[in-house]
Every structure is written in structure tokens, then in C-alpha cells.
Amino acid sequence: MGGKNNSWQALTEQAGHGRLRLEPGTVELLAKQVGDTIARVRAVRAKISMVDALARFSGADSGEALAAKNSDRAVELRTILDLNLTILHDMADAFFAAGKAYAGAEDISGASLRKIRPFAMPTEPGSFHNNPPAAGSSRPPTYPAPTDATQIQTSGLPRTHLPPGLAALTGKNRATVRAETPEYYPYSWFYNLGKDINPQLVADAAAIWTWMSGELKDEYDKLGNNFVAAEAKWEGAGKNMAITASRAYSTGTLNLTRAMSSIGANLYYTSGWLAQTKPLMPTSAEPPPAPYAGTMLASPAEDPRIPHITALHEWYVPGVGDSDLAVPVLPIPVSPINTGPPGPPGPGLRTGPGPVTRPASATDDARQRWNARQEDWQEQQTRQIAEQRAQAAQEQARRAAQERAQAAQEQARRAAQERARAAQERQQAAQQREQAAQQQEQQAAQQQEQAAQQAQQAAQQAGQQAAGAAQQAAQQAAHEAAQRTAQQAAQRTASSLASGLGAGPGKAAGPGPGAKSPSAPNPLDKASKLFPRASVAGTPGAIGRAGAAPMAAAPGSPGAAGTAGRGAGQEDKDYKKSAFLESTDYLDEAMGDPQLVAKPVLDQ
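Residues numbered from 1 in each chain as written. Predicted model: local features only at pLDDT ≥ 70, side-chain atom pairs only at ≥ 80, totals over all residues. Heavy atoms only, no water.

Observations concerning the overall build of the protein chain
- Scanning the protein chain from terminus to terminus reveals 16 helices and zero strands.
- The buried share among the 604 residues of the protein chain stands at 35%.
- The long-range share in the protein chain, meaning contacts at least 24 apart out of those at least 6 apart in sequence, stands at 81%.
- Surface accessibility of the protein chain: about 35,200 Å² in total, with carbon and sulfur atoms responsible for 52%. (Helix = DSSP H or I, 4+ residues; strand = E, 2+ residues; numbered from the N terminus. Buried < 20%, exposed > 50% of the residue type's maximum accessible area, 1.4 Å probe, protein only. Contact = heavy atoms within 4.5 Å. Areas by Shrake-Rupley, 256 points an atom, 1.4 Å probe, with all protein chains shown as cover.)

What follows is the structure, given as C-alpha cells:
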């Protein structure tokens, strides 16, 4: 398809010779739509990897083969889209050449054509009309149970739910996948078959195929509408060739999107009978205990495989056959005037595997030549698909190796992080222990310092208390000594006063007993000057006790006469103090505070 003899390259040559022209306005619209279509095709092509390696549909070989057949269709689609991109690029070149020929014929500047060339040749995938469906968004269908055995034996239950379009395909395609005969397999085979069934994955693949078909059809339809609008604007001898090529391309893309949609519908149908089969399979590889269980010698009543065999005949066996036949063949985009492999003989124009025009009356020799060329083309396609599958396998192996390497690197990185984290934790623990030891040492030092300060303060307080007590004791002792000194002085003074009072009246009592001499000085006046508080006026009782009584005695009293006789010239006798004179009861009150002539030493 990418050779030099395809229809769009031929149209480019026609335009180069001035035999095909198209006005610039139409060229701009067509070129822009071709660019949008290229971007959409690239975007869809990038999503084929979602369905080009489907997991086995069941644990049986038939389930693996059916999944591989649908995966091969995805690989074929990638090749078909690559060919489609080549055609679109050739198509854009033909439009530019036709516009240039029109500008040259009409003497119009080609500036308007040059400015749209970037839009016609995008190199990156474009956007989608709708986002890809999420996993699980499409649930497998639910089918009713069979009503009787006849329904199973005649056509098979799943076929009654096969969409009409797929039912028509079952009569055209050749069977390539056959279901196993369940009677010849042991009990564990039924368990493994059901264990690997995942209807949701098949339903997800069906949704992806349907979505890809819709995304391509959206842009293909827009391009086809522009083709129809441009048919009346083509000019030159190559006009009919351009219209034919445009219509052939539109027909081929329509067939492609329909086939893609059929693949999605068939996968959705497959997910339905798989969902019915899975719960009817055993949940353990070991059969229940029974005589001869799982052998061909067991009777129907003893064989535990019987219900599972029945379920496979109801759902799995007919489902595999119908799904295999209903897988459509994806049409390859072709041009009606290329030199590629021709299509089968028949009237008119065909857009099949190799569209050529052949009369209905072709000879058997021509038919044989066509068959040979068709086989060569099929073999070439088979080799190409095999190469692509090998490349896909290599790419998958490379990705797996890369993922394993990345996983190993990630594991090593995590291990290094764990070791670093462990080392950091050990370091932090050591630092914490060191800090704790330092804190303990600081606390012990602080406690010792506090204890020393407390002991020092206690010693200072004890010394202060001892000094204060000693000072108080010294002051008290000095005070007591001063009191004793004052008392002694007072006693001596009192004794002197008492002695003086006793001698004075005797000397002055010359005229008669008890008579007082008026000219003699009073000793009490002298004593009052020395001891002001012990004055005569202040202590009348004391005067009476000390000397007034003898002087006041009545003449002729015995005591008085004796005393007075001493003053009459008799010899002095020893004076005997009265007992009350020895008492110190009222001495302090009489004497008052002593007058100090010097400060005590303890006061300094």
C-alpha cells in the first residue's frame, strides 16, 4: 500500500501535469480534516496495547487459543492503521498538488496553501472525542438458563444470544478454535478451567474495541463528508479518478470501523457465556470422596464430573465455537487503482483484500491465477503478522526485563533507605543515651552543688544563731552584772545611810532624850541628792522605819532612853541593824536605774 503506484500518488502525478485541479479554499478544508484524522488515528493506535495481549479466557487450551485469536486482531489493527496513515499522508500531498495546479492555472498565489501544511502533517497523537472506558465499566451480560435439553442439542444455548451481525459471520468464517470434549478429562481439569475464567477482563476488552471503533468513525465520517462536498469542485481529466479514490477510502474506513465494532460485540458476547460457565465449575481440584470418582469406569450416578460436564455442554462448548466463528476479519485499506493483490473475480468495484475490477465471465485459468495471487498475499500478511507478534513479544520481554530491573533497583533503594534509617535510629538512640547520661551527670552535679549550698547556708545560719545567742548571753550577763553591781552599790549606800542615821541623833541629843538639835545637818538631805528617787519627801515610811521611830518615842520609854543616853556622854556601843534593813524587796524601786559612768565592753 505504501508503494509508488497507489491511487493517491497517481493523483499527485496527475496534478503535477495539470490534469487535476482543486480550488485553494476546498484544499484548506480537506487538508485540515486530513490532519485531524491523522492525529486521531495516531491516538487510537497508541491504545491498541490495551487489547493486543489478552489473558487466556479459561484454563483450557481452547480458552488460550480464543484469547490469542482476538489479540492477533489487535496486532493486525496496528498494521492496518499504519497503512492508513500512509494513505492519509499521500492524500494530503495530492490535495496540495491539486491546489497548486489550480493556483498555477488561475495565476493565484500559493501563500494560502503553504500556511496550512503544518496542519496536514501532525506527528503526535491527537485528542479523543470520549475518554477510554474505565475497567469494570462494562459488566458481562446475564443469560437465562436453558429450558430443556433440546435447546442445547440443536443449536447451543449461547447462539440464541448471538447478535444478528455476528450470527451472519459464523457462516462465512472458518473455524480455527475447537472446544475440548469434557468427558475425557479428570476432575482437576474442570477446576483449572473455571479458575482461570475472568469474564470482567473480557468485557473490558470488548468495551475498548467498541470505543476505538467509535473514535475512528467520528473522524472518518467528517473526512467522508468533506469528500462528498468536494466532488463538484474537482477539475481536470483526473476528476473521476479523485472522486473514485475518495469514495473507496470512505467505504474502506466504514468497513474497518464496523469490523472493529463486531470484535467488541463478540467479546462482550463471550464474556456472557464465560460468566455463566465459571460458577458451574468445581471450587477444588480434589473430587468429593466417591467410588471410582473421576474415572471412565465410574457410573453416571457415582461420577462427580457429571454436573460440570453438563454445564460445559450447555455454555462453554457452543460458546467457544460461536465466538471463534464470529471473530471478523479486519479489512485492509486499499485503493481501486493500485497494483496490490487483486480481489476475487466479480462484477463491479470491490474494496476487499485486493480490490480489482474483473468481469463475471472470467475463465477458470484467470480464477486460478487469482487464487494463487491471493494465497501469496495471504502468506505475506501472515508473515507480517508473525513478525509483528515476534516484535511485540520482544518488546514485551524488554519491558518485563526493564520492569524487573526497575523493581530490583527500587528494592535496592528501599533496602538502602531501610539501612540508612536503621543507622540513623541507632545514632539517634546513642545520642539520646548520651544526652540522658549528660543530663543525669548535670542533675547529680546540681544536686551536689545545691546540697553544698544548703550545708553552707545551714552553717552560716548556725554561726549567726550561735553568735546571736552568745551576744544575747553576753548582754544578759553584762546586764545581770550591772544589776548586781548596782544592787551592791545600793546596798552599800543604804548601809552607809543607815549608819549615818544611827549616829547623828546621839551626838545631837545633849539636852535631853530624844531631843533634836536644830543646828545639826540632816543626813537624809544628803542622801536625796545622791539618790533623787530616795528623797525624804518620797519615802516617809522609810524615814519612820529608819530613824523617826526612836526620835518620836515618848520620853521615859525604855528604848528611847537607851538611845538618848548614848548621846548624853555614854560610850558608844556596837550598832545592830534591824532585820528589815537587810531586805532588798523594794531596793530597785527605791534606787531606780543606776547611773553608768562607763559603757560595758559587750555593748561595743
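Points about the environment of Val 327
- Among the secondary structure elements, Val 327 is positioned in the loop between α11 (306-325) and α12 (364-508).
- Take Val 327: its relative accessible area is 1%, and that puts it in the buried class.
- For Val 327 and Arg 174, which are 153 residues apart along the polypeptide, the C-alpha to C-alpha distance reads 9.9 Å.
- For Val 327, the residues in contact, after removing those within four places along its chain, are Lys 69, Asn 70, Arg 73, Asn 173 and Asn 266.

With respect to the environment of Asp 324
- Among the secondary structure elements, Asp 324 is positioned in helix α11.
- The spatial distance from the C-alpha of Asp 324 to the C-alpha of Ala 67 is 9.7 Å, given a sequence separation of 257 residues.

What to know about the packing of aromatic side chains
- Inspection of every chain in the model, using the stated rule, returns ten aromatic pairs.
- Here the aromatic rings of Tyr 220 and Tyr 249 are separated by 6.2 Å at their centres, their planes lie at 85°, and the arrangement is edge-to-face. Of this pair, Tyr 220 sits in helix α9 (residues 199-230) while Tyr 249 sits in helix α10 (residues 239-277), placing them 29 residues apart in sequence. The residues Tyr 220 and Tyr 249 share a single accessibility class, namely buried.
- Counting every residue linked through ring pairs, the aromatic cluster contains Trp 8, Phe 95, Tyr 220, Phe 227, Trp 234 and Tyr 249. (Phe/Tyr/Trp six-rings, centres within 6.5 Å; stacked < 30°, edge-to-face > 60°.)

Regarding the nonpolar core
- Counting residues in each nonpolar core, the largest one holds 76 residues, and the members touching the most others are Met 91, Phe 95, Trp 209 and Met 212.
- Put simply, the parts of the chain that give this core at least two residues each are α1 (7-16), α2 (24-45), α3 (61-106), α8 (187-195), α9, α10 and α11.
- Tallying contributions element by element places α3 first for this core, with 16 residues.
- Residues in contact with Phe 95, not counting those within four places in the same chain, are Trp 8, Leu 22, Val 27, Leu 30, Ala 31, Val 34, Phe 227 and Trp 234. (Core = buried A, V, L, I, M, F, W, Y, C linked by side-chain atoms within 4.5 Å.)

A closer look at the pattern of salt bridges
- Counted according to the given criterion, the structure contains 20 salt bridges.
- Between Arg 421 and Glu 418 there is a salt bridge, and its shortest N-O distance comes to 2.8 Å. In this pair, Arg 421 and Glu 418 are both assigned in helix α12, three residues apart and thus about one turn of the helix distant.
- With a relative accessible area of 35%, Arg 421 lands in the partly exposed category.
- Here the residues in one salt-bridge network are Arg 40, Glu 215, Asp 218, Glu 219 and Lys 222, joined through shared partners. (Salt bridge = Lys/Arg side-chain N within 4 Å of Asp/Glu carboxyl O.)

Topic: the confidence of the model for the protein chain
- Mean pLDDT for the protein chain: 74, with 63% of residues reaching 70 or above.
- Note on residues 1-5: pLDDT under 50 across the span, and 14 contacts to partners over four residues away in sequence or across chains.
- In the model, residues 534-571 has pLDDT below 50 throughout and makes 30 contacts with residues more than four positions away in sequence or in other chains. (pLDDT = per-residue confidence, 0-100.)

So, the packing of α8 against α11
- Axis separation between α8 and α11 bottoms out at 11 Å; the angle between their running directions is 40°. Viewed along their axes, α8 and α11 adopt a mutual orientation that is oblique. Considering only the axes of α8 and α11, their crossing is left-handed. Two secondary-structure elements touch here, α8 through Tyr 187, Trp 189, Phe 190 and Leu 193 and α11 through His 308, Ile 309, Leu 312 and Tyr 316.
- Residues that form the contact of α8 with α11 fall into these classes: seven nonpolar, one polar and no charged. (Axes fitted to C-alpha atoms, helices over the stretch in contact; angles between N-to-C directions. Parallel < 35°, antiparallel > 145°, perpendicular 65-115°, else oblique. Left-handed = near helix turned anticlockwise from the far one by under 90°. Nonpolar A, V, L, I, M, F, W, Y, C, P; charged D, E, K, R; others polar.)

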